[in-house]
Amino acid sequence: MEQTDKYYVERCRNGHADDFRFLVRRYQGPLLAHLAGRLGSRDSAEEAAQETFVRAYFAIGRLKKPQSLFSWLLGIGNRVAKERQRNLQRSRQLAESLSQRISAVELSADYALERAVTALPESYRQVVLLRYYGGCSCSQVAEKLDMPLGTVTKNLSRAYAMLRKSLQQNEDCEVRK
Amino acid sequence: MNCAECKENLVAYAEGLLPESKTQAVESHLQGCPACRAELKHISALRDRLTANGKASARIDLENAVLDRILREQSLRLNKTKKTDRQLQLWRKIMKSKITKLAAAAVIIAVSAMSITYLGTFTSPAYAIEQTIKANHSVRYIYVKAFTAGEDEPKEFWVQCDELGAVKCARLHIPEWASQGDGAKVVVWKDNKAEVWLKRKNLFLKVRDKTAADRMLEFVDECDPKLAVERLYAQQEQGAVKIDIEQPDLKTEPIAVTATYLADSPKPGRRSVLFVDQATKLVTAIKFYQLQEGEYRYLGSQEYYDYNQAIDPEMFSLEDEIPADVTRIDQVALEVGLPQGSLGDEEIAVEVVRQFFAALIVENYTEAGRLMEGMPGDKMEEELRHIKFLRVVSIGPVAPHPIPETRGVLVPCTVEIEKNGQVSYWKLEQLGVRQVHGQPGRWTIFGGI
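Note that this is a predicted model, so its numbers are computed, not measured.

Caption draft 1: Local environment of unusual backbone geometry. Residue B:Pro397 is bonded to the preceding B:Gly396 through a cis peptide linkage, with omega at 0 degrees. In this structure, B:Pro397 sits in the loop between β14 (387-395) and β15 (399-400). With a phi angle near 55 degrees, A:Asp146 is a residue other than glycine that sits in the positive phi range. At B:Glu363, a residue that is not glycine, the phi angle is positive and equals roughly 55 degrees. Among the structural elements, B:Glu363 can be located in the loop between α10 (345-361) and α11 (365-370).

Caption draft 2: The arrangement of the interface of chain A and chain B in detail. Listed by partner, the interface residues are 32 residues for chain A and 27 residues for chain B. Put simply, the parts of the chain that give the side of chain A that touches chain B at least two residues each are α2 (20-39), α3 (42-59), α5 (111-118), α6 (122-133) and α8 (149-176) of chain A.

Caption draft 3: Just α3(A), in detail. Taking 1.5 Å of rise per residue, the 18 residues of α3(A) would be expected to cover 26 Å, and the 25 Å separating its terminal C-alpha atoms lies within 8% of that figure. Those residues of α3(A) that fall on the buried side of the exposure criterion are A:Arg42, A:Ser44, A:Ala45, A:Ala48, A:Ala49, A:Gln50, A:Glu51, A:Thr52, A:Phe53, A:Val54, A:Ala56 and A:Tyr57.

Caption draft 4: A look at the environment of B:Asp378. Residue and element names in this part refer to chain B. With respect to the element layout, Asp378 can be found in helix α12 (residues 377-384). With 12 C-beta atoms counted inside 10 Å, the residue Asp378 sits in the exposed group. For the pair formed by Asp378 and Thr366, sequence separation is 12 residues and the distance between their alpha carbons is 7.4 Å.

Caption draft 5: Quick look at the confidence of the model for chain B. All names here are of chain B. Per-residue confidence for chain B averages 77 on the pLDDT scale, and 81% of its residues sit at or above 70. Within the model, the stretch residues 82-125 combines pLDDT values under 50 with 27 contacts to residues more than four positions away or in other chains. Scoring the predicted complex yields pTM 0.45 and, for the interface, ipTM 0.77.

Caption draft 6: Spotlight on the pairing of strand β8 (residues 255-261) of chain B. All names here are of chain B. Here β8 shows a buried face lined by Ile255, Val257, Ala259 and Tyr261 and an unburied face lined by Ala256, Thr258 and Thr260. Where strand β7 (residues 241-246) and β8 come together, 6 bridges link them in antiparallel fashion. Pairing of Glu246 across the sheet is with Ala256, part of β8.

Caption draft 7: Spatial organisation of the sheet that holds strand β10 (residues 283-292) of chain B. All names here are of chain B. With respect to topology, 12 strands assemble into an open sheet ordered β7-β8-β9-β10-β11-β1-β2-β3-β4-β5-β6-β12, the strand pairing being mixed. Two strands lie at the open edges of the sheet, namely β7 and β12 (327-330), each paired on one side alone. On average, each strand axis in the sheet is inclined to that of its neighbour by 15 degrees, with strand direction left out of account. With 4 bridges connecting them, strand β6 (residues 203-207) and β12 associate as parallel partners. Looking across to β12, one finds that Leu203 is bridged to Thr327. Packing of helix α9 (residues 225-237) onto the sheet brings it into contact with β7, β8, β10 and β11 (295-305), and relative to β7 it is tilted by some 120 degrees.

Reading the values: the criteria
Residues numbered from 1 in each chain as written. Chains lettered and ligands numbered in written order. Predicted model: local features only at pLDDT ≥ 70, side-chain atom pairs only at ≥ 80, totals over all residues. Helix = DSSP H or I, 4+ residues; strand = E, 2+ residues; numbered from the N terminus. Contact = placed C-beta atoms within 7 Å. Expected span 1.5 Å × (residues − 1). Buried ≥ 20, exposed ≤ 12 C-beta atoms within 10 Å, placed from the backbone. pLDDT = per-residue confidence, 0-100. Pairing = 2+ DSSP bridges. Axes fitted to C-alpha atoms, helices over the stretch in contact; angles between N-to-C directions.

This is the structure in structure tokens:
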């Protein structure tokens, strides 16, 4: 049977560093998608995700609710992303004359989608990330986020509506350009 | 079913979560409602897009990169915080005199100067294990912590070597979990003599014993980073291990040398990760893993500190540390037991026991103690004062000792005693006799009676 997040968190706290790999395996997909949406580049999302996991590992003793590991990880991810954006901005100001924006090659295949996911309100975003980037079924999402199955589908439904709207706006922008 | 109801259920429908009856209701509504069909199409399209994007990000695997970074960071942190709490207490003792402080500084300067010249002669910046082997030659002092998975307290070693790299002095702290028979102990080895402080038994033993010395050196060998690296190098030459070297650009980060034992090597599935300091090329830590059910499980680690920081000679003597009320047994200064002479092994064993009880009958506790590993007379008196030994009823027959490592024999015997005014027979089944460690040709009673 698959172990709970809490189990692995405890194992890590007891010095079994190796067990952290299970948590990485479990959340790398959603975390990457989340960070890619924020940072706009696969490469920097990957680096930021690594950094997030490393920070999480060393702070795991301070995690109060091991069952809310995922939202805690997203929180750390947000801080890492913010720091990176600050650094990026500084270097970008210097490079501005050379290129106006980050090159399109750097962007992931569906950056628009990732950005729309990242822009979702917290509770909807978590459901989408776990469902599509964490490989969870709806009932697994319900279990992880401790909510009824009906709420998961309801949140998904609202998330879809919001995603559609922001993707639509995005496309309109592109067209106008 | 109306449109509002249908829309409410569309996500659950697309996920296949609806019960049979509701699925049918949704489907029959969809057949007659183009608006809801369009809505479902939007949902499906979005789902496909999300799934495709999810699959694309699933191709990236961060696992190994993250674990490598954690291991490296951890080793750095451990080295940074090394002078805290418990260690600080010990090092305060080591570093308390100005002279050792200056000496340590001199050694560090000498070593860094050496490594600079050494590095200067090297043309390629890439790391190779030979560099560590070479760097190890200058090591005279080292402090090692050896951790075992599942145990908090490490074994600790302090080692001083001579110019040729042979162990000159060593100090070991063995925690309770690693020494179930004796309990936590401290062993110091110097000039072929060992001092052993058994904390739980409150016993302090001095021996000049080849076996004890060999055991001690075995321990030290197991934890010697020099040997670890040389062994690894030899294994690589023989094709038993595959070595991957990762040298970070950042000079403050250690080089990670991962040695994976191949399937047909003596230790299949074993993996060691050596962390090598970029400046000195010395090993700062080794972590051991074993492949089990497709995962590398952590077995333990050894951490190396304070290369060439002179160790205070006081660390290699226990006299100032042991409690005042400790029971002392000095087998270096005192000849204990009886010389074998022309007697056979069984005859001398019986003779030791006979003379032991003869001494107790006349209340000569000093002599009895001498026949029992050199136990002090006052300690013997304290333990046996309340028993009056009257006569020996029987001794023997001699049997092999149930624990072969003791290399002794059992001499069962029965003595007549008076205790609390009552006369009785006391049968001793487990009385062991063996040759005195480090005193060839002499025999002694050992263990408790």
